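# What the coordinates show
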Amino acid sequence: MLSTALVALDATIIATASATIADELGAFEQVPWLFSSYLLAQAVSTPLAGRLSDIVGRKRLILAGVGFFFLGSVLCGAAWSMGAMVAGRVLQGLGAGAVMPVSQTIAADIYTLEERARVQGYLASVWAISSVVGPTLGGVFTEFVSWRWIFLVNIPLCALAAWMLVRRYHESPLDGDREPIDHRGAVLLAGGSALLLLGLLEGGSSWAWVSVPSVTVLALAGALLLVFVRHVRRVAHPILDLGLLRRRVIGVATAISLVVGMVVLGLATYVPIYAQGVLGVGPLMAGFALAAMMVGWPLSASNAGRFYLRLGFRLTAIIGSTLVVAGTASSLLLGESSPLVAVMGTTFLVGTGMGLTAVPTLIAAQSSVDHTIRGAVTGINIFARSLGSAVGVAVCGAIVNARATTGPDGMPSGPDLMAAIHLVFVVVAVCGGVIALLAFFLPADRQAARDRRAAVRAVD
């Protein structure tokens, strides 16, 4: 939870300080790279870190992640130019890409199936708290101290997290000989993923979709990923075994995670814009409208174990995705005079559904494999969510940019804003329906849940 808090806080705390940072470092046009560089590095390192934790051990990888985050925080806090700041953000992103999958894999390793949902709820609660605390801390540091403390505050947190891991986390030694690391596959996957995400994040903003930079970046991404696919078929120990996706539970869980990323980023990006630009509320109340989703998620995630132990993973995911459909469909009823409580109810419903969908499907995928490839499965799942987030940003951004005008502050505005936001909600609602459809393709496991429950009763 301490390691996850580093990532969760950094995802929100910088938002309120970006303008001040750009003003002091004198490179306002590079502000988007404060976010894009971090997201790219995190997404690219996630599947690699997950798989490497299977090979060299979880403890080494999560400590490496905390170490990268520490170095990045020091560099950002001492940044003398925007270039140094972006370099620090890349290091932080690499650290976050290791912390996220490995922390969740550790939870799967050391807790039983009965306990795992509650633990995942604890990890989700870190994100819920950070979604409220992060922007507040960022504003306080920027206004009353210095924006540099946004990053320097990570230093004692990194030290505390590393100390706890070294002192308290005792990992069992790996059995047998260590597998060789597929360096070529790692380079191809990292390069192709980075270019693909770069094209999705920057297309329509830094350059037009139909332009030489966009076509070049996406074409190179496609070429590298195609070479990667051919490569993994020929090596005995690939950095990422795509054959795992042919297992039904892993393939469906990964697809659900991809679409979950689209829904979450679509709402996280445009609910505050809708609340401020259409309903006319302030930034604080707009933040509360979104925070309701972050509250519903850990509440339901921590109780998901009661559902999947009794009903099975498939039926639990169906119930959760039904709530997601209800929440995303209710967003279509929001208009120019909707009360803010209606927006909060919508996002809370979506968050509650996500806790019963995203968490059980991840646990189902982790439970379907043994310890030696559990990190790889977790990394694939989290990478899919990052990729879905990038796709969601690209699709929703293209819709809003085509319908609404951009104000001096870079925010969408104008009389067509409500129409543009409504189309975003349509996309989100369609994605909610896709999640519900995918949940039905999970393997039926209700009888297995009954057998597990009977075995527990027999032991008692």
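Rules used in this analysis
- Residues numbered from 1 in each chain as written.
- Predicted model: local features only at pLDDT ≥ 70, side-chain atom pairs only at ≥ 80, totals over all residues.
- Heavy atoms only, no water.
- Helix = DSSP H or I, 4+ residues; strand = E, 2+ residues; numbered from the N terminus.
- Expected span 1.5 Å × (residues − 1).
- Bend = angle between axes of the 7 residues up to and from the residue.
- Buried < 20%, exposed > 50% of the residue type's maximum accessible area, 1.4 Å probe, protein only.
- Contact = heavy atoms within 4.5 Å.
- Phe/Tyr/Trp six-rings, centres within 6.5 Å; stacked < 30°, edge-to-face > 60°.
- Arc of directions from axis to C-beta.
- Salt bridge = Lys/Arg side-chain N within 4 Å of Asp/Glu carboxyl O.

## A word on helix α11 (residues 248-277)
Taking 1.5 Å per residue, 30 residues should reach 44 Å; α11 reaches 43 Å between its end C-alpha atoms and fits that length. The sharpest bend along α11 measures roughly 30° and falls at Tyr270, with the proline Pro272 sitting one to four residues further on. When you tally the buried positions in α11, you get 21 out of 30 residues, the bulk of the element.

## Digging into the environment of Leu195
Positionally, Leu195 belongs in helix α9 (residues 183-202). Along the primary structure Leu195 and Val44 are separated by 151 residues, whereas in three dimensions their C-alpha atoms are 9.7 Å apart. If we skip the residues at most four places from it in the chain, Leu195 touches Val217, Leu220, Ala221 and Leu224.

## Let's talk about the packing of aromatic side chains
Under the defined criterion, the tally for this structure stands at three aromatic pairs. Geometrically, the ring pair formed by Trp147 and Phe151 is edge-to-face, given 6.3 Å between the ring centres and 85° between the ring planes. The exposure class of Trp147 is buried, given its relative accessible area of 2%. For Phe151, a relative accessible area of 0% corresponds to the buried category. With centroids separated by 5.9 Å and ring planes inclined at 75°, the aromatic side chains of Tyr274 and Phe425 adopt a geometry described as edge-to-face. Of this pair, Tyr274 sits in helix α11 while Phe425 sits in helix α17 (residues 417-439), placing them 151 residues apart in sequence. Grouping residues by exposure puts Tyr274 and Phe425 together as buried.

## Section: helix α4 (residues 58-77)
With 20 residues, α4 ought to run about 28 Å at 1.5 Å a step, and its terminal C-alpha atoms sit 28 Å apart, in line with that. Every buried residue belonging to α4 is among Arg58, Leu61, Ile62, Gly65, Val66, Phe69, Gly72, Ser73, Cys76 and Gly77, and all of these are buried. The buried residues of α4 occupy one face: seen down the axis, they fall within an arc of 140°.

## Some words on the pattern of salt bridges
Counted by the stated rule, this structure contains four salt bridges. We note a salt bridge from Asp54 to Arg51, for which the minimum N-O separation is 3.4 Å. A residue pair is termed a helical-turn pair when its members lie 3 or 4 positions apart in one helix, as Asp54 and Arg51 do in helix α3 (residues 32-56) at three residues. For the pair Asp54 and Arg51, one class covers both residues: buried. Among the salt bridges present, the one from Arg374 reaches Asp109, with a minimum N-O distance of 2.7 Å.

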